[in-house]
Amino acid sequence: MDALFYWLQMKWVSSARPDDGAARETLLFFAQILSEDHELTSFEVSSVDAGKVHVTYDKVDGSTRTVWFDREAVEQLNRDMFGQSDDTDDEPGTEDEEELV
């Protein structure tokens, strides 16, 4: 699901730049798509390791699923936009990981 990947990339960007209003708005835009078009009731970064970012989501029908994305691909947008490498193993947005819509 591309929208989940794009949401995750924007979550990474907005966590790295909490004062970036455009990043927050874009994150909310993808959260709305996940909620309305894909019928997800919640989605969150459930774990991060050196190579993968795991996202767990719940659907309207009550099912829960965990998927993973390549961490380097997730971080690429932030590097492309701001020329930064993310050398930390910290999970972005730990204080506000879950988006309920």
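Keep in mind that this is a model prediction, so the values were computed, not measured. Each chain has its residues counted from 1, running along the sequence as written. Per-residue local features of the predicted model are confined to residues with pLDDT of at least 70, and side-chain atom pairs are confined, for both listing and counting, to 80 or more; whole-chain, interface and lining totals are unaffected and use all residues. Based on all heavy atoms of the structure, the side-chain values leave hydrogens and waters out of the count.

1. What about the overall build of the protein?
Then, in step 1: Numbering of helices and strands runs from the N terminus, with a helix taken as a DSSP run of H or I at least four residues long and a strand as a DSSP run of E at least two residues long. Each helix and strand in the protein was counted, giving three helices and four strands.
Then, in step 2: When the helices and strands of the protein are listed from N to C terminus, the series reads α-α-β-β-β-α-β.
Then, in step 3: Long-range contacts, defined as pairs at least 24 residues apart, comprise 49% of the intrachain contacts of the protein with a sequence gap of at least 6.
Then, in step 4: Only the protein chains shown count as covering a residue, and every accessible area follows the Shrake-Rupley method with a 1.4 Å probe. For the protein, the accessible surface area stands at approximately 5800 Å², while carbon and sulfur atoms represent 45% of it. Only heavy atoms matter for contacts: two residues are in contact if any of them lie within 4.5 Å across the pair.

2. Some remarks on the packing of helix α1 (residues 2-16) against helix α2 (residues 21-36)
Then, in step 1: All axes are obtained by fitting lines to C-alpha atoms, using only the stretch in contact for helices, and the reported angles, taken between N-to-C directions, cover 0 to 180 degrees. It is the contact of α1 with α2, at a shortest axis distance of 9 Å, that shows an interaxial angle of 155°. Relative to α2, α1 is oriented roughly antiparallel. The interaxial crossing formed by α1 with α2 has left-handed handedness. Counted together, A3, L4, Y6, W7, M10, K11, V13 and S14 of α1 and A23, R24, T26, L27, F30, A31, I33 and L34 of α2 form the full contact between these two elements. Roughly parallel here means an angle under 35 degrees, roughly antiparallel means over 145, roughly perpendicular means 65 to 115, and every remaining angle is called oblique. Each crossing is labelled by how the near helix is turned from the far one, with a counterclockwise turn of less than a right angle marking it left-handed and a clockwise turn marking it right-handed.

3. Notes on the confidence of the model for the protein
Then, in step 1: The predictor's confidence in any single residue is recorded as pLDDT, a number from 0 to 100. Scored by pLDDT, the protein has a mean of 85; 82% of the residues are at 70 or more.
Then, in step 2: Here strand β4 (residues 99-100) stands out as the element of the protein with the lowest mean pLDDT, 38, in contrast to strand β2 (residues 52-59), whose mean of 97 is the highest.
Then, in step 3: Confidence over residues 86-101 falls short of pLDDT 50; this stretch has 37 contacts with residues more than four positions distant or in other chains.

4. Side note on the pairing of strand β1 (residues 40-48)
Then, in step 1: For β1 and β2, the ladder comprises seven bridges, and the chain directions are antiparallel. In the strand pairing of β2, V48 is matched with V53.
Then, in step 2: Strands are treated as partners if at least two bridges between them are detected by DSSP. The antiparallel pairing of β1 with β2 creates a hairpin that spans three residues between the two strands.

5. Considering α2
Then, in step 1: Multiplying one less than the number of residues by 1.5 Å gives the expected span of a helix. In a regular helix each residue adds 1.5 Å, so 16 residues correspond to 22 Å; α2 covers 22 Å between its end C-alpha atoms and thus fits that length.
Then, in step 2: Using a 1.4 Å probe on the protein chains alone, a residue whose accessible area is under 20% of its type maximum counts as buried, one over 50% counts as exposed, and one in between counts as partly exposed. Inspection of α2 places A23, L27, F30, A31, I33, L34 and S35 among the buried residues, and these make up the whole buried set.
Then, in step 3: Distance and chemistry together define a polar contact, namely a pair of N or O atoms within 3.5 Å, with one atom able to donate a hydrogen and the other to accept it when in protein, and with adjacent residues in sequence counting only for side-chain atoms on both sides. A side-chain oxygen of the first residue of α2 lies 3.1 Å from the backbone nitrogen of A22; this N-cap is D20.

6. Comments concerning the packing of α1 against helix α3 (residues 71-82)
Then, in step 1: For the pair α1 and α3, interaxial distance at closest approach is 9 Å and the crossing angle is 50°. Classed by the angle they form, the pair α1 and α3 counts as oblique. Where α1 crosses over α3, the two elements pack in a sense that is right-handed. Across the interface between the two elements, F5, L8, Q9, M10, W12, V13 and A16 of α1 pack against R71, A73, V74, E75, L77, N78, M81 and F82 of α3.
Then, in step 2: Tallied by class, residues from the contact of α1 with α3 come to 11 nonpolar, two polar and two charged. Residues are sorted three ways: Asp, Glu, Lys and Arg are charged, Ala, Val, Leu, Ile, Met, Phe, Trp, Tyr, Cys and Pro are nonpolar, and all the rest, Gly among them, are polar.

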